[in-house]
Amino acid sequence: MAGIVLPEEYKYVLATIGASNIVSLMHGFLTGSARNAANVPYPNAYATHDEAVKDPAKFAFNCAQRAHANYLESYPIFLSSLLVAGTKYPLVTSAMGAAWLTGRVLYAFGYKNSKHNSKGEGRYKGIIAPLVQFPMMGLALWTTYQLVMSA
């Protein structure tokens, strides 16, 4: 049985994972500060619709909370794609990961700062994230295929 030999450049994949932890913390701080500004008590995950319609701070909190939740929903796919594709294509994968993280930051701040009572159009500032995530998933699948077929 042949093992997987990691290329020297895999360190960039690991650095991208480290950066993703910083982006995750940023989401937490962004949401926490918005929660405090809106006076939404724990354990409430969101302000109610009626509260958010009347109060821009509560609307902003809901947007920040949704951006954070969306990050966490996408994060396992991002990490698994990064780890797998990085075994064969570490530099391309790390660059895609950096672009994804940049998109997630733009998404979070854009969504949180969306116009009050809008549909959160500011989130579209982070459109690069899904545009990069799907090719990165494809690269992970291709890498898996190559590994299986070489066995």
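Computed from a prediction, not measured in an experiment: that's the story for all the values here. (Residues numbered from 1 in each chain as written. Predicted model: local features only at pLDDT ≥ 70, side-chain atom pairs only at ≥ 80, totals over all residues. Heavy atoms only, no water.)

### Looking at the packing of helix H3 (residues 56–85) against helix H4 (residues 90–112)
Defined as follows: Whenever a helix is involved, its axis is fitted only over the stretch in contact; in every case the axis is a line through C-alpha atoms, and angles between N-to-C directions fall within 0 to 180 degrees. In this text, helices come from DSSP runs of H or I with a minimum length of four residues, and strands from runs of E with a minimum of two, each type numbered from the N-terminal end. Oblique is the label for every angle not falling under 35 degrees (roughly parallel), over 145 degrees (roughly antiparallel), or within 65 to 115 degrees (roughly perpendicular).
Following both chains from N to C, one finds H3 and H4 inclined at 175 degrees, their axes separated by 9 Å at the closest point. It follows from the interaxial angle that H3 and H4 lie roughly antiparallel.

### Description of the nonpolar core
The nonpolar side chains of soluble globular proteins are, as a tendency, buried together. Put simply, the rule is: Among buried residues, the Ala, Val, Leu, Ile, Met, Phe, Trp, Tyr and Cys ones that are joined through side-chain atoms within 4.5 Å form a nonpolar core. Relative accessibility thresholds used throughout: buried, under 20% of the residue-type maximum; exposed, over 50%; partly exposed, between the two (1.4 Å probe, protein chains only). Should any heavy atoms of two residues lie within 4.5 Å, those residues are considered in contact.
One finds Tyr 71, Phe 78, Leu 82, Trp 100 and Leu 101 to be the most contacted residues of the largest nonpolar core, which totals 32 residues. Contributing elements (two or more residues each) for this core: helix H1 (10–38), H3, H4 and helix H5 (128–150). Setting aside anything within four residues of it in sequence, one finds Trp 100 in contact with Tyr 71, Ser 74, Tyr 75, Phe 78, Ala 129, Val 132 and Gln 133.

### Remarks on the environment of Ala 52
Its location among the elements puts Ala 52 in helix H2 (residues 49–54). Residue classification places Ala 52 among the buried positions, given a relative accessible area of 6%.

### Things to note about the packing of aromatic side chains
Given two aromatic rings, one states the distance between the centres and the angle between the planes to describe the pair. Quick note on the threshold: Aromatic rings from Phe, Tyr and Trp, with only the six-membered ring used for Trp, were paired whenever their centres fell within 6.5 Å, and each pair was classed as stacked if the ring planes differed by under 30 degrees, edge-to-face if by over 60, and tilted otherwise. Throughout this description, the term charge over a ring refers to an Arg CZ or Lys NZ atom that lies within 6 Å of the ring centre and within 35 degrees of the ring normal.
Under the counting rule described, the total for this entry stands at 6 aromatic pairs. Summarising the aromatic geometry, the rings of Phe 78 and Trp 100 are spaced 4.0 Å apart at their centres and angled 10 degrees between planes, so their arrangement reads as stacked. Taken as a pair, Phe 78 in helix H3 and Trp 100 in helix H4 lie far apart in primary sequence, 22 residues in all. Each ring, one from Tyr 107 and one from Tyr 111, has its centre 5.6 Å from the other, and the planes form 80 degrees; the classification is edge-to-face. Taken together, the residues span about one helical turn, with Tyr 107 and Tyr 111 both in helix H4 at a distance of 4 residues. A residue is classified by how much of its surface remains accessible, and Tyr 111, at 12% relative accessible area, is buried. Following the ring pairs from residue to residue traces out a cluster consisting of Tyr 71, Tyr 75, Phe 78 and Trp 100. Between Arg 104 and the ring centre of Tyr 107, over which it is positioned, the NZ or CZ distance is 4.6 Å. A cation sits over an aromatic face here: Arg 123 above Tyr 111, 5.5 Å from the ring centre.

### Overview of the environment of Leu 139
Looking at the secondary structure, you find Leu 139 in helix H5. Given the relative accessible area of 16%, Leu 139 is considered buried. The sequence separation of Leu 139 and Val 92 amounts to 47 residues, and the corresponding C-alpha distance is 9.6 Å.

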